[in-house]
Amino acid sequence: MTDQPTHDTPACTASAEIPEWSEATQLVQGGVQRSGFDETCEALYMTSGYVYNSAEEAEAAFQTDGLRFVYSRFRNPTVEMFETRLCQLEGAEACRATASGMAAVWAALIAQLQAGDRVVASRALFGSCTVILNQLLPRFGIETVFVDGADLEQWATALAQPTKAVFLETPSNPGLELVDLAAVSELAHKAGACVVVDNVFASPLLQKPLELGADVVVYSATKHIDGQGRCLGGAVLGSQQFVTDHLTQILRHTGPALSPFNAWLLLKGLETLPLRIERQSASAARIADFLAAEHGVSQTRYPFRADHPQEALARKQMRSGGSMVTLEVEGGKDRAFRFLNALKLIRISNNLGDSKSLATHPSTTTHQRLTPEEQLAQGITPGLVRLSVGLEDPADLEADLKQALAA
Ligand SMILES: *Cc1c(COP(=O)(O)O)cnc(C)c1O
């Protein structure tokens, strides 16, 4: 190679160069760092390490920490293109990618917590997030207090004493319960807490927690960002100070690095994210209305439907209702299983945000670790089915749901 590519731009600096681009344009063009070969598509740098032309260069690389690529556990050009593109979309100062969504959640919390700290969290969370908060963190002397996410009084009571971090998910999985991001962020900041939001269900397009006052956003990129069932990935986004002072040390030395190959898949996923989210969200809204009128469904839940108890809040903090719908099948577990087993087009799976529509029975799968009482506290009844609406023609999905409900 003659022309040495300059890969040395720290993550996110590109955002300053292209403020005039709209989101859709930025998701196709943002963060690209071309090599000397002038490739069209983002290059896939499958390399664990980097070479030096002299011992002096190696020495300098280790002295100017972070300015040159030295090892892919620290930085990799393909991973960095993904981080930059996602960072611009989120409107964050900095982004670090991780090998999975759970690696992102764990890193975002453990990077800032120590023995004696207190965390306040909403009760309705993705199963593994609950395990981190009520089983793993207590082993290190960190206490978690859970509140009902929709109840601002409970947040105010819990945040009346000094707190290190707040962790929440909105809309929640699977109950589609909302947390008022602006109000909780304000209460949290008065208590001295850093607000960490798991924004997976809404996706980075439909909800901007940082604009509403949150401090750190985490993603399972496995979900809508890939959205095609191909790989695991995750990301943590926040201020440059949070990344520099807290996150970098944990990621470098514990090693949950995203594979360059997965970063490349996720980069391509970001290009089509607006198209997929728009279509999946429109189909989900239509299917929620369809299900609400069907026999055998006792309740349908969708954030933008008038019968959602927090519809006004949903419309305030989300751009649309998202791709997830829940339905309560009359007749409990037996009837729910009969319905799931009768589906032909929609497949049974615990994944979500995929181009393929997927149905889940939370009480026996994703949330089976919870006691029956804990399940009910999160609205997880034996008849509850979670639907992740994909890219198929919604008319075909409705026909499948209709025949399965009649089975
Ligand atoms: C899937 C998911 C996670 C975990 O992500 P992985 O990529 O599976 O590790 C965390 N939070 C929410 C809300 C999720 O849906």
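Residues numbered from 1 in each chain as written. Predicted model: local features only at pLDDT ≥ 70, side-chain atom pairs only at ≥ 80, totals over all residues. Heavy atoms only, no water.

Caption draft 1: Just the overall build of the chain, in detail. For the chain, the count of helices and strands is 15 helices and 12 strands. Its C-alpha radius of gyration of 22 Å places the chain within 12% of the 22 Å reference for a compact globule of 407 residues. Each principal axis of the C-alpha atoms in the chain carries an extent, and together these give about 75 × 50 × 35 Å. Counting across all 407 residues of the chain, residues that qualify as buried make up 56%. Considering only contacts in the chain between residues 6 or more positions apart, those separated by 24 or more positions represent 74%. A total of about 17,200 Å² of accessible surface is found on the chain, and carbon and sulfur atoms cover 53% of it. Across the chain, 33 positive and 47 negative side-chain charges occur, with their mean positions spaced 6 Å apart. (Helix = DSSP H or I, 4+ residues; strand = E, 2+ residues; numbered from the N terminus. Rg over C-alpha atoms; globule rule 2.2 N^0.38 Å. Buried < 20%, exposed > 50% of the residue type's maximum accessible area, 1.4 Å probe, protein only. Contact = heavy atoms within 4.5 Å. Areas by Shrake-Rupley, 256 points an atom, 1.4 Å probe, with all protein chains shown as cover. Lys, Arg positive; Asp, Glu negative; His and termini not counted. Charge placed at Lys NZ, Arg CZ, Asp CG, Glu CD.)

Caption draft 2: View of the pairing of strand β2 (residues 118-122). Within β2, 5 of the 5 residues are buried, which leaves it mostly tucked inside the rest of the structure. The alternating pattern of β2 places Arg118, Val120 and Ser122 and Val119 and Ala121 on opposite faces, both of which are buried. One ladder, built from 5 bridges, connects β2 with strand β3 (residues 143-147); its direction is parallel. What sits directly across from Arg118, in β3, is Glu143. Read from β2 through helix α5 (residues 127-139) to β3, the crossover connection turns out right-handed. The pairing of β2 with strand β4 (residues 165-169) spans 3 bridges and is classified as parallel. Paired with Val119 across the bridge in β4 is Ala165. (Pairing = 2+ DSSP bridges. Right-handed = clockwise from strand over helix to strand, strands pointing away.)

Caption draft 3: Quick peek at the packing of helix α11 (residues 260-292) against helix α15 (residues 394-406). Where α11 contacts α15, the two axes come as close as 10 Å, and the packing angle between them is 35°. Two packed elements cross with a definite hand, and for α11 against α15 that hand is right-handed. Across the interface between the two elements, Arg279, Ser283, Arg286, Ile287, Phe290 and Leu291 of α11 pack against Pro394, Ala395, Leu397, Glu398, Leu401, Lys402 and Leu405 of α15. Here the residues of the contact of α11 with α15 are counted per class, giving 8 nonpolar, 1 polar and 4 charged. (Axes fitted to C-alpha atoms, helices over the stretch in contact; angles between N-to-C directions. Left-handed = near helix turned anticlockwise from the far one by under 90°. Nonpolar A, V, L, I, M, F, W, Y, C, P; charged D, E, K, R; others polar.)

Caption draft 4: Structural context of the UniProt feature "modified residue: N6-(pyridoxal phosphate)lysine" (unreviewed entry) in the chain. Taking the numbering used here, the UniProt-annotated feature "modified residue: N6-(pyridoxal phosphate)lysine" (unreviewed entry) corresponds to Lys223. Mapped onto the secondary structure, Lys223 falls in helix α9 (residues 222-226). (UniProt positions renumbered as here; feature names shortened; annotations may be inferred.)

Caption draft 5: Representation of the packing of aromatic side chains. Taken as a whole and assessed by the stated rule, the structure comprises 4 aromatic pairs. With 6.4 Å between their ring centres and 55° between their planes, Trp106 and Phe140 make a pair best called tilted. Here Trp106 is found in helix α4 (residues 101-110), whereas its partner Phe140 is found in the loop between α5 and β3, with 34 residues between them in sequence. Between the NZ or CZ atom of Arg75 and the centre of the ring of Phe69, over which it lies, the distance is 4.2 Å. (Phe/Tyr/Trp six-rings, centres within 6.5 Å; stacked < 30°, edge-to-face > 60°. Lys NZ or Arg CZ within 6 Å of the ring centre and 35° of its normal.)

Caption draft 6: Structural view of the nonpolar core. One finds Leu291, Val325, Phe339, Leu343, Val385, Leu387 and Leu401 to be the most contacted residues of the largest nonpolar core, which totals 30 residues. With 5 residues, α11 is the largest single contributor of residues to this core. Apart from residues lying up to four places away in sequence, Leu401 is in contact with Ile287, Phe290, Leu291, Phe339, Leu343, Ile346 and Leu387. (Core = buried A, V, L, I, M, F, W, Y, C linked by side-chain atoms within 4.5 Å.)

Caption draft 7: Examining the site of the ligand more closely. Around the ligand sit Ser100, Gly101, Met102, Phe126, Glu169, Asp198, Val200, Ser220, Thr222, Lys223, Gly233 and Leu352, and those are all the residues in its vicinity. At 2.6 Å, a side-chain N or O of Asp198 approaches a nitrogen atom of the ligand. Between the ligand and Lys223 there is a distance of 2.7 Å, counted from an oxygen atom to a side-chain nitrogen or oxygen. Calculation on the ligand without its partners gives an accessible area of 380 Å², and the protein chains cover 92% of this total. Where the shell around the ligand is concerned, the elements lending two or more residues are α4 and α9. (Near = heavy atom within 4 Å. Polar contact = N/O pair within 3.5 Å; in protein donor to acceptor, adjacent residues only side chain to side chain.)

Caption draft 8: Quick peek at the sheet that holds β4. Pairing is mixed in the open sheet, where 7 strands are placed in the order β1-β7-β6-β5-β4-β2-β3. Of all the strands in the sheet, the pair left with one neighbour each is β1 (94-98) and β3. With strand direction ignored, the average angle separating the axes of adjacent strands in the sheet is 20°. Bridge analysis of strand β5 (residues 194-198) against strand β6 (residues 216-220) gives 3 bridges, and the strand direction is parallel.

Caption draft 9: Fine view of α11. When the local axis directions of α11 are compared, the greatest deviation, roughly 55°, occurs at Thr272, which is followed within four positions by the proline Pro274. One side-chain oxygen at the N-terminal end of α11 lies 3.0 Å from the backbone nitrogen of Phe261; it belongs to Ser259. (Bend = angle between axes of the 7 residues up to and from the residue.)

Caption draft 10: Highlighting the side chain of Gln375. Here Gln375 is to be found in helix α14 (residues 372-377). Excluding residues within four positions of it along the chain, Gln375 makes contact with Ser363, His367, Gln368, Leu370 and Ile380.

Caption draft 11: Expanded view of the domain arrangement of the chain. Its domain assignment divides the chain into domain 1 (14-269) and domain 2 (274-406). Placing a centre on the C-alpha atoms of domain 1 and another on those of domain 2 gives a separation of 27 Å. Carbon and sulfur atoms supply 58% of the area that domain 1 and domain 2 bury against each other, a total of about 3,000 Å² over both sides. Linking domain 1 with domain 2 are 2 salt bridges, by the criterion used here. Lys316 is paired through a salt bridge with Asp180; the nearest N and O atoms lie 4.0 Å apart. Across the domain 1-domain 2 interface, the total number found is 18 residue pairs in polar contact (both at pLDDT 80 or more). (Domains from an automatic or database assignment. Buried area = accessible area lost by both parts, 1.4 Å probe. Salt bridge = Lys/Arg side-chain N within 4 Å of Asp/Glu carboxyl O.)

Caption draft 12: A nonpolar patch on the surface, seen in detail. On the surface, a cluster of nonpolar side chains totalling about 280 Å² of accessible area is made up of Leu44, Met46 and Phe261. Phe261 gets classed as partly exposed once you look at its relative accessible area, which sits at 39%. (Patch = residues over 30% accessible without salt bridge, like charges linked within 9 Å, V, L, I, M, F, W, Y side chains within 5 Å.)

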